[in-house]
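So you can see what is in the structure, the chains are spelled out below.
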Amino acid sequence: MNFSRVNLFDFPLRPILLSHPSSIFVSKRFVTRTSAGVSPSILLPRSTQSAQIIAKSSSVSLQPVSEDAKEEDYQSKDVSGDSIRRRFLEFFASRGHKVLPSASLVPEDPTVLLTIAGMLQFKPIFLGKVPREVPCATTAQRCIRTNDLENVGKTARHHTFFEMLGNFSFGDYFKKEAIRWAWELSTKEFGLPANRVWVSIYEDDDEAFEIWKNEVGVPVERIKRMGEADNFWTSGPTGPCGPCSELYYDFYPERGSDDDVDLGDDTRFIEFYNLVFMQYNKTEDGLLEPLKQKNIDTGLGLERIAQILQKVPNNYETDLIYPIIAKISELANISYDSANEKAKTSLKVIADHMRAVVYLISDGVSPSNIGRGYVVRRLIRRAVRKGKSLGINEDRNGNLKGAFLPAVAEKVIELSTYIDSDVKLKAPRIIEEIRQEELHFKKTLERGEKLLDQKLNDALSIADKTKNTPYLDGKDAFLLYDTYGFPVEITAEVAEERGVSIDMKGFEVEMENQRRQSQAAHNVVKLTVEDDADITKNIADTEFLGYDSLSARAVVKSLLVDGKPVIKVSEGSKVEILLDRTPFYAESGGQIADHGFLYVNSDGNQENAVVEVSDVQKSLKIFVHKGTVKSGALEVGKEVEAAVDADKRQRAKVHHTATHLLQSALKKVVGQETSQAGSLVAFDRLRFDFNFNRSLHDNELKEIECLINRWIGDATRLETKVLPLADAKRAGAIAMFGEKYDENEVRVVEVPGVSMELCGGTHVGNTAEIRAFKILSEQGIASGIRRIEAVAGEAFIEYINSRDSQMTKRVEKLLKELRAAKKEASDLRSKAAVYKASVISKNAFTVGTSQTIRVLVDSMDDTDADSLKSAAEHLISTLEDPVAVVLGSSPEKDKVSLVAAFSPRVVSLGVQAGKFIGPIAKLCGGGGGGKPNFAQAGGRKPENLPSALEKAREDLVATLSEKLG
């Protein structure tokens, strides 16, 4: 855009840019400074005061526009970026809008990677999913968009980070008020000359046309009707939608207002305000039905209106961004005003990207190779390259070890006060993350640039000889990416600067080959015969039955020994078996394969046979069972009984569900940006790799453990459903970044209120089955990747027992440690008993009709007396009063432990635990007693425990039934 030709708005010399509370006042030729009082409650969108700003709606009386509007009104008010934001919010607060804080750049909406618009936080209201809390609101929303990254710094208006000022109506006011207020804000509050403001409307929106023409008074020649692509908003194929109206600022009104004026001409116009009128519901048939509740969604770009009001040639030279550019210019030892266009572009790119990076990291996004983290990493790396092109090597203070971006970030943070007051509180973490990422990339940059330079020279040399267009082979781009960690986006930028294009199709082919090879190394079995013919061509997909059954009758479709097909195998043979159907889970999604057996029963012509299955792999949808023939012989075409080892399957289920709980706990404790980078679900442990840039603190690990064990204790039933991929993501299911899913059908595993993931693995039916969870270790395994190993369920008990055993050996040598070890072991056994009690609580039954009492009489195997007491106390506290609990165990040879616990309402009926437990204990060769609500007893005949508990059950039912009448 050539702003040098603007005549009425002559651009001033470089403005004196000062931090608030100094305010910028624009006169026709220069900028002066004056102190101005402001309202912090308006300037701080996140403050508690701002959320309370509500004023009664005032009536608006607008006169038709005057083409002779005076520019003095425009020039005499405070037009600093902070002031514009404040004035916008105050304008709508005085008209009944509640000022709400900016939402995080990390949206709650699972379908969107980053917050890209002001309306995003209100999307559930607009879609009718949640009720409105206020009739209308106004915000200054921080936004991130990276779809036009290549245009940043090159045009006057493209940014990755920007602020969107908006006013929203949730079924309150509609089109007339939105249009009139937008005009009043623009021409009265901000003082834009009316003859410089143009309006676009949807081509069929006659209502908007009449309001603009007759009520506001905009001349017909400055109202442009535009098509659906430009001026009709939709939320999707179906749902709320409606026409738009946009306000454009005209830098060259002297060019006239002919019919062929193009509002899309960036050299003349800038769109600064967009009004969306949600008035229809689009049906599946494409029909537009009027909405019962009509809504308003608007957006005014702060950087754009600042450019207009501050009369500078582009958004970058406003006081919102230029102080950052000035800092970068200082580091580069150059003058922005005298710099060439290439250098100016680099300065703008760094300033823009660092704004985005600072606010993203503040909102919890750390540099990584996936999702939002990759956005941060990519922006930092682009900024580093642009800095290198400017000759910046460090902050010139010598205290940041060669990193210059932290110095730029400090300037961004300095300007953040009225954008997000939390940023300054997080400054140390923000600066340190940027410093580490910059230094890490500089090492990568140094290695990769040498090879890239060589490859580009080769490409240019070949092109010169062949007279063809120079291009970089996709394999070379992939080599730079895979071996040197050189992002393909950076490769493309460097190549473009040298006039070389990149074979991106070739690069994508190499990437896909790597993904396939990686997957094949873990999940694919080579199914070929000697002549290299693929045996899978003649084998149908295996029907998987393992979600619902652990055993099934199946037919042997093929046998392979050393990769060669055979008809029959005998005892001792190691064999790969293909069945038509199977209950065996094949290794995938991090979960190891089921173990078990295949049985062939004698049919008169064939002897019995047993095959032990030790692994199951999957090639596409064909399951390959790997095993050893333990006895007999197995033939193709014969029917077998396929039986999964139930104990090992349960262990895998426990660890897989625990892995889902672990991911949810990590997101709650250390931040939503953490995401899975790999996993192992085994019988004896689980392993979870995740993206994070530091080790977890002890208190964080403890909080994660406690959170998971609480979810386990909640005994929540899991829900599993199969949905189209789009529906699953819309529902909030977490998908592995980079993983490919079937668009038509994915399996969603949900722990309601805790976790929802796309997962094909096997899981427990209820979180109580997990019993307990324990983290064994947490460590770094690569840059930005951490690993947690843990145990749950039976593996947890084995871990506890193993640790107890180790402790016992140690305390034999050190008497001082003996007491601590016994106490710890006792505590752990008590915890294990409590978890087991949670599991058996489902065995409780009721006595009575009109008034009922819950009764639980059960055995807890070898639980010791103290732990048995803890279990009973846990059950009394978790089962609703009235409840009666009797538990028994045999913790040692010739020893019986009994406990009775009655809730207050049971005791009030005259049933006492102390009197009840004594006769039961006598049946086991012992005795005991206690209080009315709690009693313990013992005995010496464990063999009598089952009958004693049955007697307790009968007596308790009879006594309570009698008391209840």
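What you are looking at is a predicted structure, and each value in this text was computed from that prediction instead of being measured.

K.L.:
What is the right way to look at the environment of Gly-546 in this model?
P.N.:
Examined against the element boundaries, Gly-546 turns out to sit in the loop between strand E14 (543–544) and strand E15 (551–561). Sequence-wise, Gly-546 and Pro-583 are 37 residues apart; in three dimensions their C-alpha atoms are separated by 3.8 Å. Excluding its chain neighbours within four sequence positions, the residues that come into contact with Gly-546 are Thr-582, Pro-583 and Arg-649.

K.L.:
I would appreciate a short explanation of the side chain of Thr-863 in the present structure.
P.N.:
Note that Thr-863 resides in the loop between strand E33 (853–859) and helix H22 (865–878). Reaching out from Thr-863, the side chain makes a polar contact with the backbone oxygen of Met-860 at a distance of 2.7 Å. If near-sequence neighbours (up to four positions away) are discounted, Thr-863 is found in contact with Ala-833, Leu-868, Ser-889 and Pro-891.

K.L.:
It is not clear to me how helix H9 (residues 322–332) should be interpreted in this structure. Could you clarify?
P.N.:
In an α-helix, one full turn covers 3.6 residues, which means residues spaced three or four apart are oriented alike. Taken across its eleven residues, H9 has nine buried, putting it largely inside the fold. Three or more residues of H9 are buried, namely Tyr-322, Pro-323, Ile-324, Ile-325, Lys-327, Ile-328, Ser-329, Leu-331 and Ala-332. In this structure, the buried side of H9 is in contact with helix H10 (341–362) and helix H12 (405–414). Where H9 ends, the next residue or the one after it, Asn-333, has phi of about 60°, a positive value.

K.L.:
Would you mind showing me how to read the pairing of strand E24 (residues 639–644) here?
P.N.:
As a general feature of sheets, a regular strand has side chains that alternate between the two faces. Residue alternation in E24 divides its side chains into a buried set, Val-640, Ala-642 and Val-644, and an unburied set, Glu-639, Glu-641 and Ala-643. When E15 meets E24, the two strands line up antiparallel, connected through five bridges. Bridged to Arg-553 within E24 is Glu-641. Judged from the four bridges that link them, strand E20 (residues 596–600) and E24 form a sheet pairing that is antiparallel. By the bridge assignment for E24, Phe-597 is matched with Ala-643.

K.L.:
Just to check I follow, could you spell out the sheet that holds strand E36 (residues 927–930) for this structure?
P.N.:
Within a sheet, neighbouring strands are paired by backbone hydrogen bonds and run either parallel or antiparallel to one another. Spatially, E32-E33-E34-E35-E37-E36 is the arrangement adopted by the six strands of the open sheet, whose pairing is mixed. The open sheet has two free edges, formed respectively by strand E32 (845–847) and E36, since each of these has just one partner strand. Each neighbouring strand pair of the sheet contributes to a mean axis angle of 20°, computed without reference to strand direction. In this structure, E33 lies alongside strand E34 (residues 883–892), joined through six bridges in parallel fashion. In the sheet register, Val-857 faces E34, and the bridge partner there is Val-886.

K.L.:
Teacher, can you tell me more about helix H18 (residues 698–713) here?
P.N.:
End to end, H18 covers 22 Å across 16 residues, agreeing with the expected 22 Å (1.5 Å per residue, within 8%). Looking only at H18, the buried set comprises Glu-700, Leu-701, Ile-704, Glu-705, Leu-707, Ile-708, Asn-709, Trp-711 and Ile-712.

K.L.:
How should I be thinking about the packing of H12 against helix H13 (residues 427–466) in this particular structure?
P.N.:
A pair of packed helices is captured by two measures, namely the crossing angle of their axes and the spacing between those axes. For the pair H12 and H13, the least separation of the axes is 9 Å and the interaxial angle reads 150°. Our classification of the angle between H12 and H13 gives roughly antiparallel. Viewed along their axes, H12 and H13 form a crossing whose handedness is right-handed. Each of Leu-405, Pro-406, Ala-409, Glu-410 and Ile-413 in H12 lies in contact with H13, whose residues at this interface are Ala-427, Ile-430, Ile-431, Ile-434, Arg-435 and Glu-438.

K.L.:
Could you clarify how one ought to interpret the layout of surface pockets in this entry?
P.N.:
Empty space among the atoms can be located by rolling a probe the size of a water molecule over them. There is about 1300 Å³ of room inside the second largest pocket. For the lining of the second largest pocket, the secondary-structure elements that each account for two or more residues are helix H4 (123–126), strand E5 (161–170), helix H7 (228–231), strand E8 (232–234), strand E9 (239–250), strand E10 (269–282), strand E11 (288–301) and helix H8 (302–310). Sorting elements by how many residues they give to the lining of the second largest pocket places E10 first, with seven residues. Along the lines of polarity and charge, the residues of the lining of the second largest pocket split into 22 nonpolar, 13 polar and twelve charged.

K.L.:
Any chance you could explain the packing of aromatic side chains here in plain terms?
P.N.:
The geometry of an aromatic ring pair comes down to the distance between the two centres and the angle between the two planes. Applying the stated rule across the entire model yields 22 aromatic pairs. With centroids separated by 6.1 Å and ring planes inclined at 75°, the aromatic side chains of Trp-183 and Trp-212 adopt a geometry described as edge-to-face. Note that Trp-183 is positioned in helix H5 (residues 175–189) and Trp-212 in helix H6 (residues 206–216), a separation of 29 residues in sequence. Here the aromatic rings of Phe-544 and Phe-623 are separated by 5.7 Å at their centres, their planes lie at 10°, and the arrangement is stacked. You can see Phe-544 sitting in strand E14 and its partner Phe-623 sitting in strand E22 (residues 622–631), a full 79 residues away along the chain.

K.L.:
I'm lost on the environment of Phe-916 in this one. Help?
P.N.:
For Phe-916, the location among the structural elements is in helix H24 (residues 913–922). Each C-alpha atom of the pair Phe-916 and Ala-935 lies 8.7 Å from the other, and the pair is 19 residues apart in sequence. Among all residues touching Phe-916, those that are not within four sequence positions of it are Val-886, Phe-902, Ala-952, Asp-955 and Leu-956.

Definitions and limits used
- Residues numbered from 1 in each chain as written.
- Predicted model: local features only at pLDDT ≥ 70, side-chain atom pairs only at ≥ 80, totals over all residues.
- Heavy atoms only, no water.
- Helix = DSSP H or I, 4+ residues; strand = E, 2+ residues; numbered from the N terminus.
- Contact = heavy atoms within 4.5 Å.
- Polar contact = N/O pair within 3.5 Å; in protein donor to acceptor, adjacent residues only side chain to side chain.
- Buried < 20%, exposed > 50% of the residue type's maximum accessible area, 1.4 Å probe, protein only.
- Pairing = 2+ DSSP bridges.
- Axes fitted to C-alpha atoms, helices over the stretch in contact; angles between N-to-C directions.
- Expected span 1.5 Å × (residues − 1).
- Parallel < 35°, antiparallel > 145°, perpendicular 65-115°, else oblique.
- Left-handed = near helix turned anticlockwise from the far one by under 90°.
- 1 Å grid on protein atoms, 1.4 Å probe; cavity = no way out; pocket = protein on both sides within 12 Å on 5 of 7 lines; lining within 4 Å.
- Points joined across faces, edges and corners; volume = space filled by probe spheres on them.
- Nonpolar A, V, L, I, M, F, W, Y, C, P; charged D, E, K, R; others polar.
- Phe/Tyr/Trp six-rings, centres within 6.5 Å; stacked < 30°, edge-to-face > 60°.

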